[in-house]
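These are the residues of each chain, in order.
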Amino acid sequence: MSAKNLDRQNRWRNKTIAFRMSPEEAEQLDVNVRLSGLSKQDYLIQRALQKEIKVVGNPRVYKALKNTMAEVLEELRRIASGDNVSDDLLDTISQINTTLYGLKREGEGGKSIS
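The following refers to the structure shown. Along each chain, numbering runs from 1 in the same order as the chain's sequence is written. Whole-chain, interface and lining totals are the exception, using all residues; otherwise, since this is a predicted model, local features are given only for residues with pLDDT of at least 70 and side-chain atom pairs are given and counted only at 80 or more. Hydrogens are left out, water is left out, and the side-chain values use all remaining heavy atoms of the structure.

Moving on, we get to the nonpolar core. Nonpolar core, defined: a set of buried Ala, Val, Leu, Ile, Met, Phe, Trp, Tyr and Cys residues in which side-chain atoms within 4.5 Å join the residues together. Using a 1.4 Å probe on the protein chains alone, a residue whose accessible area is under 20% of its type maximum counts as buried, one over 50% counts as exposed, and one in between counts as partly exposed. Ranked by size, the top nonpolar core spans 11 residues in total: Val31, Leu35, Val55, Val61, Ala64, Leu65, Val72, Ile79, Leu89, Ile96 and Leu103. Secondary structure elements follow DSSP: runs of H or I no shorter than four residues count as helices, runs of E no shorter than two count as strands, and numbering proceeds from the N terminus. At the level of secondary structure, the elements contributing two or more residues to this core comprise helix 1 (23-36), helix 3 (59-78) and helix 4 (87-104). It is helix 3 that contributes the most residues to this core, 4 residues altogether. In this structure isoleucine 79 touches Asn84, Val85 and Leu89, once residues within four positions along its chain are discounted. Every residue pair with non-hydrogen atoms within 4.5 Å of one another is taken to be in contact.

Below you can see the structure in the form of C-alpha cells.
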C-alpha cells in the first residue's frame, strides 16, 4: 500500500481512483503529461477538476518538447499525403503548439492549458 500524501491544501490524498484506457489513449496521455511538466497524478487531478494547468519551462519540459517534436517529424515524413494524418498526431501537434506558445509567454507566469 502506498503512503499517504498531502496536497497543497494540507489534505490527505488517500483515495485511489482507477480507470482503463486503450494503449493509444494512454500514449496520448503520456505525451500531454510530459509536455505539461507535471506528475501524471497532478496532471490528472487538475484535468479531472477542470482546473488550469500552468506550463512553466524547465529542462524536463524542453526535453519532452524536443523528443516529441522529433517523433512528430518522423511520423510526418512517413506520411505520403496529408489525407492520412491521424487524429492522435494532430492532437500531439496541437499540444506542442499550446506548450510552445505558453513558454513564449512564460514571462507572464506560464500558459494555461485547457
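After that view, the rundown keeps rolling.
Attention shifts here to the packing of helix 1 against helix 3. The convention used is that axes are lines fitted to C-alpha atoms, helices contributing only their stretch in contact, and that angles between N-to-C directions extend from 0 to 180 degrees. One can describe the packing of helix 1 onto helix 3 by two numbers: an axis separation of 7 Å at closest approach and a directional angle of 140°. When the axis of helix 1 is compared with that of helix 3, the two are oblique. Note on element contacts: helix 3 touches helix 1 through Val61, Ala64, Leu65 and Thr68, opposite Val31, Arg34, Leu35 and Ser36. Ten residue types, Ala, Val, Leu, Ile, Met, Phe, Trp, Tyr, Cys and Pro, are classed as nonpolar, four, Asp, Glu, Lys and Arg, as charged, and the remainder, Gly among them, as polar. Here the residues of the contact of helix 1 with helix 3 are counted per class, giving 5 nonpolar, 2 polar and 1 charged. Here the word oblique covers every angle except those under 35 degrees (roughly parallel), over 145 (roughly antiparallel) and from 65 to 115 (roughly perpendicular).

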